[in-house]
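Secondary and tertiary structure notes
The chain contents come next:
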Amino acid sequence: MTEARTLVMEREFAHAPDKLWRAITQPHLIAEWLLPNDFALADGHRFTLRSPGAPGWSGRIDCTVREIEPGRRLSYSWNTGGEGEAMPRFESVVTLTIEPVAGGTRLRMEQTGFTNAANYGGARHGWGMFLDRLEGVAAGLD
């Protein structure tokens, strides 16, 4: 069995921690930087992220909130593919951690569970785009 890899990306934002927290926990804001969703900030809440998809994959990402530390940390499962889809099941966990730093906030995104290079590469590319868009969403918050 292949050892699972973890993708970690850190980015500093020139915005207060509460702005980043709002952007990663409010469904309409999540839709602006990540994907359309039915997220709720509640432990154990099951929600779906909707990607445009690809051949053999519906674009559905099934998630469950696993951990909430208000204003600091949010963790949820991130599961794709499997039953009824050409894409094999991929199960992972995304953890977003917010830390105040001089001049703003550091966001650490960690996604665990990668067992193949294609999923890892796709996630690395995707999260780079998502975090770029998160900057714009946070900048627009009052």
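The numbering scheme is per chain: residues are counted from 1 as the chain's sequence reads. Totals for whole chains, interfaces and linings use every residue, but because this is a predicted model, local features are given only for residues with pLDDT of at least 70 and side-chain atom pairs only at 80 or more, for both listing and counting. Excluding hydrogens and water, the side-chain values take into account all heavy atoms of the structure.

1. Digging into the overall build of the chain
- The secondary structure content of the chain amounts to three helices and six strands.
- Segments assigned H or I by DSSP are reported as helices when at least four residues long, segments assigned E as strands when at least two residues long, and all are numbered from the N terminus. Its helices and strands in sequence order give the chain the pattern β-α-α-β-β-β-β-β-α, from N to C terminus.
- For the radius of gyration, the atoms used are the C-alpha atoms, and the globule rule reads 2.2 Å times the number of residues raised to 0.38. Since a compact globule built from 142 residues should have a radius of gyration of about 14 Å, the 15 Å found for the chain is in line with a globular shape.
- Projected onto the principal axes, the alpha-carbon positions of the chain cover approximately 45 × 30 × 25 Å.
- Throughout this description, buried means an accessible area under 20% of the type-specific maximum (1.4 Å probe, protein chains only), exposed means over 50%, and partly exposed covers the range between. Sorting the 142 residues of the chain into buried and exposed places 42% on the buried side.

2. Re the side chain of glutamine 111
- Within the secondary structure layout, glutamine 111 lies in strand β6 (residues 104-114).
- N or O atoms closer than or at 3.5 Å make up a polar contact, with two conditions inside protein: a donor-capable atom paired with an acceptor-capable one, and, for residues adjacent in sequence, both atoms drawn from side chains. In this structure the side chain of glutamine 111 is engaged in a polar contact, spanning 2.9 Å, whose partner is the side chain of serine 92.

3. Observations concerning the layout of surface pockets
- The method works on a 1 Å grid over the protein atoms by themselves. A cavity is a set of points holding a 1.4 Å probe that cannot get out, a pocket is an open set with protein on both sides within 12 Å along at least five of seven lines, and residues with an atom within 4 Å of a point line them. Grid points are joined across faces, edges and corners, and a volume is the space filled by probe spheres set on the points. Of the pockets and cavities examined, the largest pocket occupies roughly 410 Å³.
- Along its surface, the largest pocket is lined by 17 residues, and Trp57, Trp78, Asn119, Gly122 and Ala123 are the ones closest to its centre.
- Every element with two or more residues in the lining of the largest pocket is listed here: β4 (73-80), β6 and α3 (117-139).
- The leading source of residues in the lining of the largest pocket is α3, at seven residues.
- Basically, the charged four are Asp, Glu, Lys and Arg, the nonpolar ten are Ala, Val, Leu, Ile, Met, Phe, Trp, Tyr, Cys and Pro, and anything else, Gly included, counts as polar. By residue class, the composition of the lining of the largest pocket is eleven nonpolar, six polar and no charged.

4. Notes on the environment of glycine 113
- As for its position among the elements, glycine 113 is in strand β6.
- Classification of glycine 113 as partly exposed rests on a relative accessible area of 22%.
- Taking the C-alpha atoms as reference, glycine 113 lies 21 Å from arginine 11; in sequence the two are 102 residues apart.
- Should any heavy atoms of two residues lie within 4.5 Å, those residues are considered in contact. Residue contacts for glycine 113: discarding those within four places in its chain leaves Ala4, Arg5, Phe90 and Glu91.

5. Describing the sheet that holds strand β1 (residues 5-13)
- Taken in spatial order, the six strands of this open sheet run β1-β6-β5-β4-β3-β2, and their pairing is antiparallel. With one partner strand each, in any of the chains shown, β1 and β2 (46-50) form the two edges of the open sheet. On average, adjacent strands in this sheet sit at an angle of 25 degrees to one another, irrespective of strand direction.
- Only when DSSP finds a minimum of two bridges between them are two strands counted as paired. The pairing of strand β5 (residues 90-101) with β6 spans nine bridges and is antiparallel. Bridge assignment links glutamate 99 to a residue of β6, and that residue is arginine 106.
- Only the stretch in contact is used when a helix axis is fitted, and all axes are lines through C-alpha atoms; the angle between N-to-C directions ranges over 0 to 180 degrees. Those strands touched by helix α1 (residues 17-25) are β1, β3 (60-69), β4, β5 and β6, and its axis lies near 160 degrees from that of β5.
- Each of β1, β4, β5 and β6 touches α3; the most contacted strand, β1, lies at about 15 degrees to it.

6. Overview of the nonpolar core
- Residues belong to one nonpolar core when they are buried, are Ala, Val, Leu, Ile, Met, Phe, Trp, Tyr or Cys, and are joined through side-chain atoms within 4.5 Å. One finds Trp33, Leu34, Tyr76, Trp78, Trp127 and Leu134 to be the most contacted residues of the largest nonpolar core, which totals 38 residues.
- Of the residues forming this core, the biggest block, eight residues, is contributed by α3.
- Excluding anything up to four places from it in sequence, tryptophan 78 contacts Leu34, Leu49, Ile61, Asp62, Cys63, Phe90, Glu91, Ser92, Val94, Gln111, Trp127 and Phe130.

7. Structural notes on empty space enclosed by the protein
- Counted by the stated rule, this structure contains one cavity of 30 Å³ or more.
- Volume-wise, the largest cavity comes out at about 30 Å³.
- For the lining of the largest cavity, a count of residues per class yields seven nonpolar, no polar and no charged.

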